[in-house]
Amino acid sequence: MDIKAQQTKLANNLGKLLRDNFGKGPEAVHVTIHEPYVVIYVSGFVSPMEQVLLNQNEELQVMTTRELLVKTLEPQITGQIKGITDLDIQHLYYDWNLDHHSGIFVGVCLDDLKADLAEGDGDPYPGKQAIHDRIIKMSEIAQKGPEKISSYKLSDRTLVIVREGILVAIEKQLISLGFDDTLRISKRPLEKGILRQNDDYDEILNADILDIFVDWDFEKDNSIITLILKPKK
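Residues numbered from 1 in each chain as written. Predicted model: local features only at pLDDT ≥ 70, side-chain atom pairs only at ≥ 80, totals over all residues. Heavy atoms only, no water.

Colleague: Please explain the environment of Gly145 as it appears in this structure.
Modeller: Summarising the element assignment, Gly145 is placed in the loop between α5 (128–142) and β5 (148–153). Residue classification places Gly145 among the partly exposed positions, given a relative accessible area of 25%. Dropping the residues within four chain positions of it, Gly145 is found in contact with Ile136, Ser139, Glu140 and Gly165. (Helix = DSSP H or I, 4+ residues; strand = E, 2+ residues; numbered from the N terminus. Buried < 20%, exposed > 50% of the residue type's maximum accessible area, 1.4 Å probe, protein only. Contact = heavy atoms within 4.5 Å.)

Right, here's the structure in full:
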């Protein structure tokens, strides 16, 4: 099975998995396979019950519930990826944009992202250093600058940015006390809000930014930021 067929099959299977567990599946699923990354972008995804909660400004409850549910689905998601692509997903990152009814799953086929960072910074693309500069600045405002940063343009639509060594002492203490889910839910709007304050991404990348997603592996002190792009003609 070629990559295009794998992407189509994985999109169909993941759409069904989400529909079976949330009561309503996404309207569209876009899959990008670029080893060691598998990126699954879903749009038009909000269940009727979630919409009721969102109408009542209960975004935190929706995010908390999704956090718990996706944790239970993680073995099935990584199993689907393995069965279709033969790629062993070691870590799964995910995030949601409730305003856009969209979400992301980023599977990584590496035991440690440090190995990927050690091998280099990925292929060059226009505006790469400028993007790194803005991500570093955002990190410094939110907590501290990353010890290492790398980025990978997996397709015209998908840019993945990896940060390593970003947690400060108070965050590590909260994680040790079991508040990692609370920390994750708190950090997402903070970092994405700071990122959106820079309004020149479209000029740097010659593409509109449709969505920004952020997630962390607190145990390994790393983070993946995903930008979903719409190239300009």
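Additional details are given in the paragraphs that follow.
Colleague: How should helix α3 (residues 59–85) be read in this particular structure?
Modeller: For the α-helix, the turn length of 3.6 residues means that residues three or four positions removed from each other point alike. Over its 27 residues, α3 extends only 34 Å from the first C-alpha to the last, a length that falls short of the 39 Å expected when each residue adds 1.5 Å. The largest bend along α3 measures about 50 degrees and falls at Leu73, with the proline Pro75 one to four residues further on. (Expected span 1.5 Å × (residues − 1). Bend = angle between axes of the 7 residues up to and from the residue.)

Colleague: Help me understand the packing of aromatic side chains, please; the structure alone is not making it clear to me.
Modeller: To describe a pair of aromatic rings, one takes the distance between the centres and the angle between the planes. Per the stated rule, a full pass over the model turns up seven aromatic pairs. Centre to centre, the rings of Tyr37 and Tyr152 are 5.5 Å apart; their planes meet at 40 degrees, and the pair counts as tilted. Linking Tyr37 in strand β2 (residues 37–43) with Tyr152 in strand β5, this pair joins segments that are 115 residues apart in sequence. With respect to class, Tyr37 is no different from Tyr152; both count as buried. Aromatic ring contacts, followed pair by pair, group Phe22, Phe45, Tyr94, Trp96 and Phe105 into a single cluster. (Phe/Tyr/Trp six-rings, centres within 6.5 Å; stacked < 30°, edge-to-face > 60°.)

Colleague: I keep staring at the sheet that holds strand β6 (residues 158–164) and nothing clicks. Help me out?
Modeller: Strand pairing in a sheet relies on backbone hydrogen bonds. The paired strands run either parallel or antiparallel. Read from one edge of the open sheet, four strands run β5-β6-β8-β7, paired in antiparallel fashion. Sheet topology places β5 and β7 (207–217) at the edges, where each strand pairs with a single neighbour. Each strand axis lies, on average, 15 degrees off the axis of its neighbour in the sheet, ignoring direction. Here β5 runs beside β6; their pairing, made up of six bridges, is antiparallel. Each bridged residue has a counterpart across the sheet, and for Ile149 the counterpart in β6 is Arg163. Seen against the sheet, helix α7 (residues 180–197) touches β6, β7 and β8 (222–231) and runs at an angle of roughly 150 degrees to β7. (Pairing = 2+ DSSP bridges. Axes fitted to C-alpha atoms, helices over the stretch in contact; angles between N-to-C directions.)

These values are about where atoms sit, not about what they do.
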